[in-house]
Amino acid sequence: LEQLEPMEILEESRQHHFEYFLALAEQGKIGLRRPAQAQWLSILKAETDNIRAALSWSLEVQIRAKLGLQLLGTLRDFWEHTGLYMEAYQWLERLLERAGNPDPAIQIEALITVGYLMAWQGDFDESRRMLEASLHLCEETGNISGRGHALLWLPAVLPGHNFGTLIEMCEEALAIFETLDDPWG
């Protein structure tokens, strides 16, 4: 019993650590889209090892992997600005495998995040796969915002498609973001 108490304290500390960095990531998501972008990028870069530790902790238990997907998706702009595209992709693969059946909204955001990053990486096939999977989940769940994000990036990674169809996808994405009053769409 005496040895269990330190383990419980350690686990509680790690959970608080994760919660703190999820909250920081949520603040950073907003901060990276405001005039203080450079300051937020500096803060998040300085915490990269702690973000990795939080993601590692989330992989230990299936239910926590769902939280890890949330953290991963929330950090889209961080992954982009730091160029850690492949790292984000590897986290996604591991978290999806571990999470089982995560909340669709969290899964959609994570898939869009990595689909977007893979486009920047130049891996258009993998980007398309991620974005099409997210679009399918959006259609199943009625996630309008996710649909807009998937439609925004799909035209960039769909080679050989009818130009008119690609324009329609972009126009639908724009209409969604206007309806949602989301200038960052």
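**Describing the packing of aromatic side chains**
Point 1. Here the structure, examined in full by the defined rule, presents five aromatic pairs.
Point 2. Aromatic pair Tyr20 and Phe21: ring centres 4.8 Å apart, planes at 85°, arrangement edge-to-face.
Point 3. Through pairs of rings, three or more aromatic residues link up here, namely Tyr116, Trp120 and Trp153.
Point 4. Sitting above the plane of the Trp57 ring, Arg64 keeps its charged end 4.0 Å from the centroid.
Point 5. When the ring centre of Tyr116 is taken as origin, the NZ or CZ atom of Arg76, which lies over that ring, is 5.9 Å away.

**What about unusual backbone geometry?**
Point 1. Positive phi is not limited to glycine here, since Asp181 has a value of about 55°.
Point 2. With respect to the element layout, Asp181 can be found in the segment after helix H10 (163–179).
Point 3. Assessed through its relative accessible area of 67%, Asp181 is described here as exposed.

**Description of the environment of Ile176**
Point 1. Turning to its location among the elements, Ile176 is positioned in helix H10.
Point 2. Along the chain, Ile176 and Ile63 lie 113 residues apart, while their C-alpha atoms are 32 Å from each other.
Point 3. Excluding residues within four positions of it along the chain, Ile176 makes contact with Ile144, Arg147, Gly148 and Leu151.

**Structural notes on the state of the cysteines**
Point 1. Tallying each qualifying case throughout the model produces zero disulfides.
Point 2. Cysteine Cys138 remains unbridged, with the sulfur of Cys170 as its closest cysteine sulfur at 16 Å.
Point 3. With relative accessibility at 34%, the residue Cys170 sits in the partly exposed group.

**Description of the pattern of salt bridges**
Point 1. Counting across every chain of the model gives 12 salt bridges.
Point 2. As a salt-bridge pair, Asp125 and Arg128 come within 3.3 Å of each other at their nearest N and O atoms. Taken together, the positions of Asp125 and Arg128, both in helix H8 (residues 124–141) and three residues apart, correspond to about one turn of that helix.
Point 3. By relative accessible area, Asp125 is classed as exposed at 52%.
Point 4. Linking Glu139 and Arg147 is a salt bridge whose minimum nitrogen-to-oxygen distance equals 3.0 Å.
Point 5. Three or more residues joined by partner-sharing salt bridges are found here, namely Glu11, Arg14, Glu60 and Arg64.

Rules behind the numbers
- Residues numbered from 1 in each chain as written.
- Predicted model: local features only at pLDDT ≥ 70, side-chain atom pairs only at ≥ 80, totals over all residues.
- Heavy atoms only, no water.
- Phe/Tyr/Trp six-rings, centres within 6.5 Å; stacked < 30°, edge-to-face > 60°.
- Lys NZ or Arg CZ within 6 Å of the ring centre and 35° of its normal.
- Helix = DSSP H or I, 4+ residues; strand = E, 2+ residues; numbered from the N terminus.
- Buried < 20%, exposed > 50% of the residue type's maximum accessible area, 1.4 Å probe, protein only.
- Contact = heavy atoms within 4.5 Å.
- Disulfide = S-S within 2.5 Å.
- Salt bridge = Lys/Arg side-chain N within 4 Å of Asp/Glu carboxyl O.

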